[in-house]
Amino acid sequence: MRQEPDPELGLLLEDIRQETELTAGYTGRAALDRRVMEAMAKVPRHAFVPDHLQLSAYANRPLPIGHGQTISQPYIVALMTDLIRPRPEHMVLEVGTGSGYQAAILACLVKQVYSLEIVTALAEQARERLQRLGYSNVAVRAGDGHGGWPEHAPYDAILVTAAAAAVPPALVEQLKPGGTLVIPVGNRFTGQDLRVVSKDEQGRVREKNVLPVIFVPLVDAEDDADR
Ligand code: SAH
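Residues numbered from 1 in each chain as written. Predicted model: local features only at pLDDT ≥ 70, side-chain atom pairs only at ≥ 80, totals over all residues. Heavy atoms only, no water.

A.B. asks: Just checking my understanding: could you explain the packing of aromatic side chains for this structure?
C.D. replies: Under the defined criterion, the tally for this structure stands at 3 aromatic pairs. Taking 5.6 Å as the distance between ring centres and 70° as the angle between the ring planes, the aromatic pair formed by Phe48 and Tyr101 counts as edge-to-face. Placement of the pair is Phe48 in the loop between helix 3 (34–42) and strand 1 (63–66) and Tyr101 in helix 5 (residues 101–109), with a sequence separation of 53 residues. A residue is classified by how much of its surface remains accessible, and Phe48, at 1% relative accessible area, is buried. Through pairs of rings, three or more aromatic residues link up here, namely Tyr114, Trp149 and Tyr155. Over the face of the ring belonging to Tyr101 we find Arg45, whose NZ or CZ atom lies 5.7 Å from the ring centre. (Phe/Tyr/Trp six-rings, centres within 6.5 Å; stacked < 30°, edge-to-face > 60°. Helix = DSSP H or I, 4+ residues; strand = E, 2+ residues; numbered from the N terminus. Buried < 20%, exposed > 50% of the residue type's maximum accessible area, 1.4 Å probe, protein only. Lys NZ or Arg CZ within 6 Å of the ring centre and 35° of its normal.)

So, in structure tokens, the structure goes:
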């Protein structure tokens, strides 16, 4: 395992800044929140990437993590984190723990992260990794994220890191008034869009697509049995 701070991290942060500028026409964000960029600078991505891909750990692209899944592109992780406008007092739900990298970024910025992962082996690895790295404010559970994690609801923000066919109603229900859900919606035929779902203080829900994206699919529990 390499030691931090990694010199390639500086280049990655620069890539994220550039891609943020290039996509500002879509996202309305010419620059990301300073604290989000600080979290991106702090979390050692190489600790979330398999050994044989260490040389690519700080490339601005997704990488395979086994079980047909990926760790997301760092720019997308930063953008999604920025879109929920994280605050230190926030309780956040993530669906799709994967490597645990996005959860670690969130853990630097909010009070508590709950994360659901449908592949049990990935959930166990991520839980162990996050604990070893000292992210004590993340709880990981193996299970299907379509129904959210009702025991800890409502959440200030919910972040889904796999593409859903449609926004799961349970996730909208588990959002606090004033809360934000960020979720890729679509499929490989229609294409996917990163969607921001906002619930206002009166409980009214508005949706807005912010960027075309490519994510692995959010699978149904029944599909999972076939894998
Ligand atoms: N956030 C991750 C990226 C994960 S890729 C990271 O930072 O590394 C998407 C993850 O969603 C995969 O690990 C996949 O197994 C998981 N997933 C897919 N469908 C799911 C579902 N219905 N419920 C929970 N997790 C799901």
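Right, picking up where we left off after that structure.
A.B. asks: Help me understand helix 5, please; the structure alone is not making it clear to me.
C.D. replies: For an α-helix, the turn length of 3.6 residues means that residues three or four places apart are oriented alike. For helix 5, the buried fraction is high: 8 of the 9 residues fall into the buried class. Among the residues of helix 5, those classed as buried are Tyr101, Gln102, Ala103, Ala104, Ile105, Leu106, Ala107 and Leu109.

A.B. asks: When you look at the nonpolar core in this model, what are you seeing that I'm missing?
C.D. replies: Note that soluble globular proteins tend to have their nonpolar side chains buried in a common cluster. Phe48 and Leu194 are the most contacted members of the largest nonpolar core, which has 54 residues in total. Discounting residues that sit within four places of it in the chain, Phe48 has contacts with Val43, Ile65, Ile71, Ser99, Gly100, Tyr101, Ala104, Arg129, Leu130, Leu133 and Tyr135. If you look at the next biggest cluster of nonpolar residues, it comprises 19 residues, including Ala162, Leu171, Leu175 and Leu218. (Core = buried A, V, L, I, M, F, W, Y, C linked by side-chain atoms within 4.5 Å. Contact = heavy atoms within 4.5 Å.)

A.B. asks: Is there a simple way to think about the pairing of strand 3 (residues 91–95) in this case?
C.D. replies: Two faces, one strand: in a regular strand the side chains alternate between the faces of the sheet. Extensive coverage of strand 3 is indicated by the burial of 4 of its 5 residues. Note that strand 3 and strand 4 (residues 112–117) share 5 bridges and pair parallel. The partner of Glu94 across the bridge, within strand 4, is Ser115. Crossover connection from strand 3 via helix 5 to parallel strand 4: handedness right-handed. Where strand 3 lies against strand 6 (residues 155–160), 4 bridges are found, and the strand directions are parallel. If you follow Val92 over to strand 6, its bridge partner there is Ala157. (Pairing = 2+ DSSP bridges. Right-handed = clockwise from strand over helix to strand, strands pointing away.)

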